[in-house]
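Reading the structure
Residues per chain, in single letters:
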Amino acid sequence: LAKTTQPISMDSYEGQEVNITCSHNNIATNDYITWYQQFPSQGPRFIIQGYKTKVTNEVASLFIPADRKSSTLSLPRVSLSDTAVYYCLGHRDDKIIFGKGTRLHILP
Amino acid sequence: NAGVTQTPKFRVLKTGQSMTLLCAQDMNHEYMYWYRQDPGMGLRLIHYSVGEGTTAKGEVPDGYNVSRLKKQNFLLGLESAAPSQTSVYFCASTYYNTGELFFGEGSRLTVL
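My aim in this report is to walk through the structure given alongside it, one point at a time. (Residues numbered from 1 in each chain as written. Chains lettered and ligands numbered in written order. Predicted model: local features only at pLDDT ≥ 70, side-chain atom pairs only at ≥ 80, totals over all residues. Heavy atoms only, no water.)

1. With respect to the state of the cysteines
Using the criterion set out here, one finds 2 disulfides over all chains in the structure. Residue pairing for Cys22(A): its cysteine sulfur links by disulfide to Cys88(A), the two sulfurs lying 1.9 Å apart. Since a negative S-S torsion denotes a left-handed disulfide, the Cys22(A)-Cys88(A) link at about 60° is right-handed. Taken as a pair, Cys22(A) in strand S3 (residues 18–24) and Cys88(A) in strand S9 (residues 84–91) lie far apart in primary sequence, 66 residues in all. No difference in accessibility class separates Cys22(A) from Cys88(A), as the two residues are buried. Between the sulfur atoms of Cys23(B) and its disulfide mate Cys91(B) the distance is 1.9 Å. Because the torsion about its S-S bond is -75°, the bridge between Cys23(B) and Cys91(B) counts as left-handed. Taken as a pair, Cys23(B) in strand S3 (residues 19–25) and Cys91(B) in strand S9 (residues 87–94) lie far apart in primary sequence, 68 residues in all. Both residues of the pair, Cys23(B) and Cys91(B), count as buried. (Disulfide = S-S within 2.5 Å. Helix = DSSP H or I, 4+ residues; strand = E, 2+ residues; numbered from the N terminus. Buried < 20%, exposed > 50% of the residue type's maximum accessible area, 1.4 Å probe, protein only.)

2. A short note on the pairing of strand S11 (residues 107–111) of chain B
Residue and element names in this part refer to chain B. Taking every second residue as pointing to the same face, the buried face of S11 carries Ser-107, Leu-109 and Val-111, while none of Arg-108 and Thr-110 on the other face is buried. In terms of strand pairing, strand S2 (residues 10–13) meets S11 through 4 bridges, oriented parallel. Pairing of Val-12 across the sheet is with Thr-110, part of S11. Alignment of S9 against S11, held across 3 bridges, turns out to be antiparallel. Bridging from a neighbouring strand, Tyr-89 pairs with Ser-107 of S11. (Pairing = 2+ DSSP bridges.)

Okay, here's the thing in C-alpha cells:
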C-alpha cells in the first residue's frame, strides 16, 4: 500500500497561490493519486485525482511528475474559506488509507 | 438522493456497554469503509467491505466488528466500549476502489 508524506502545516495569505507537495515513497504502477479536503466537524471531501502529468478542475490543479514519486496540489488565489486539512492518498487494491494531512491556515 | 447517512450522530456510552453504528448509502456503491478520527488527527481505517457479504480489517480493527448483510448498509459494532474508543466515526462509500469517496457527516461517540 502506497504510503504518503506531506507537511504537517502551512500558512498562506488570501489571494496567494498555495502549493502542497506530497511524497509517494512506494507508489505502485496502478496507484492513483487523490487529494481530499476536510473542514472541522465534517467528513473529507474529494478535490482532485490524477495518474500522471497535470489535471485541473474548477477548484485545483494536480501536478504529478513522470516518476510519480510526488504530487503537488495547487490552489489558486486562496481565500479564508480554504482553511482546512488537506490529505493526499495513494491507494491501490481495496484499502484506502489517509495520512496525517496538511493543516492549511489562510491569513487575511 | 441522501448520499451516505450515519446513525446515530451522537452517543454517550458507559465503559463496557455495546452499540452499533449504522451507515446507509443510496448510491449503489460496492465499497464501504469505516474510519475513526481522534482530535487533531487524521482518519484511520477500521474495517471495510468490497461488496455485500464481505468485510475486511483495516489499520485499527481491534475492539470493533462489522457486517454488510445488505449492499446499502454497513454496520460497525462495539461489543464492550472502552474510553479509548471515544472518537468521531466516519463512514464512506465508493463505486470502485480508485474512485471518489463519499463521506457521511460523522458519528461522535463518547465512552465514559
